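Fold and contact review
If you want the building blocks of each chain, they are given just below.
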Amino acid sequence: MTDNKTFDELWERAETERYAAQLTSEYPTWRAGRRRATGIVATVAVILAVATPIMLPHHKAGKFEKVYCNRANTQDQQWVALADELLTSDII
């Protein structure tokens, strides 16, 4: 006859072996899902890296394409100077 300690050890070993067999049998499916998820994340990252610069407005530091003003008392000469700077900034 086996005592309680031996019985507990045998029971734990049987449970461990059953659990290990289950994990081993499920590993290929888990690994395939993990690779698929990694591939999807990598693809999304590449798409975002390529698409983000295209979707963002192109502007250079210190360069403006449009000017808005909510002040009615701006002098005409200031608008002429601003238009001249906008039109000739890419030439220089």
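Now for a description of the structure that goes with this document. Everything numeric here is computed off the predicted structure, so don't read it as measured data. Along each chain, residues carry numbers from 1 onward, in the same order as the chain's sequence is written. The model is predicted, so local features are restricted to residues of pLDDT at least 70 and side-chain atom pairs to those at 80 or more, both for listing and for counting; the totals for chains, interfaces and linings are taken over all residues. Each side-chain value is worked out from all heavy atoms of the structure, with water and hydrogens disregarded.

**Re the overall build of the protein chain**
Rules: Numbering of helices and strands runs from the N terminus; a helix is a DSSP stretch of H or I covering at least four residues, while a strand is a stretch of E covering at least two. Only the protein chains shown count as cover for residues, with accessible areas throughout obtained via the Shrake-Rupley method and a probe of 1.4 Å.
Across its full length, the protein chain carries two helices and zero strands. Counting every atom, the protein chain has about 9,100 Å² of accessible surface; 61% of that belongs to carbon and sulfur.

**Side note on the packing of aromatic side chains**
Spelled out, the test is: For Phe, Tyr and Trp, rings pair up if their centres lie within 6.5 Å, where Trp contributes its six-membered ring, and each pair is then called stacked (planes under 30 degrees apart), edge-to-face (over 60) or tilted (otherwise).
Considering all chains together, one arrives at two aromatic pairs under this definition. Aromatic pair Phe7 and Trp11: ring centres 6.3 Å apart, planes at 25 degrees, arrangement stacked. Of this pair, Phe7 and Trp11 both sit in helix α1 (residues 4-55), separated by four residues, roughly a single helical turn. When the centroid spacing of 5.7 Å and the interplanar angle of 35 degrees are considered together, the rings of Tyr27 and Trp30 count as tilted. Of the two residues, Tyr27 and Trp30 both sit in helix α1, three residues apart, roughly one turn of that helix.

**Concerning the pattern of salt bridges**
Spelled out, the test is: Each reported salt bridge corresponds to a side-chain nitrogen of Lys or Arg within 4 Å of a carboxyl oxygen of Asp or Glu.
Under the definition given, this model contains one salt bridge. Here Arg18 ties to Glu15 by a salt bridge, and the two come within 2.9 Å at their closest N and O atoms. Here the residue Arg18 and the residue Glu15 both occupy positions in helix α1, the gap between them amounting to three residues, near one helical turn.

**Section: a nonpolar patch on the surface**
This is how it is decided: For patch building, the residue pool is restricted to those with more than 30% relative accessible area and no salt bridge; the joining distance is 9 Å between like charges and 5 Å between nonpolar side chains (Val, Leu, Ile, Met, Phe, Trp, Tyr). Only protein chains enter the area calculation, which uses a 1.4 Å probe; residues under 20% of their type maximum are buried, those over 50% are exposed, and those in between are partly exposed.
A cluster of nonpolar side chains, contributed by Val46, Val50, Ile54 and Met55, occupies part of the molecular surface with about 450 Å² of accessible area. For Val50, a relative accessible area of 51% translates into the label exposed.

**Structural notes on α1**
Basically, it comes down to this: Any helix carries an expected span of 1.5 Å times its number of residues minus one. What the bend at a residue measures is the angle between two axes, fitted to the seven residues ending there and to the seven starting there.
In this model, α1 (52 residues) spans 70 Å end to end at C-alpha, consistent with the 76 Å of a helix rising 1.5 Å per residue. Remark: the principal bend of α1, roughly 40 degrees, maps to Tyr27, with a proline, Pro28, within the next four residues.

**Side note on the environment of Ala83**
Secondary-structure assignment places Ala83 in helix α2 (residues 76-88). It is 10.0 Å that separates the C-alpha atoms of Ala83 and Lys66, two residues lying 17 residues apart in sequence.

No statement about biological role is implied by the geometric values presented.
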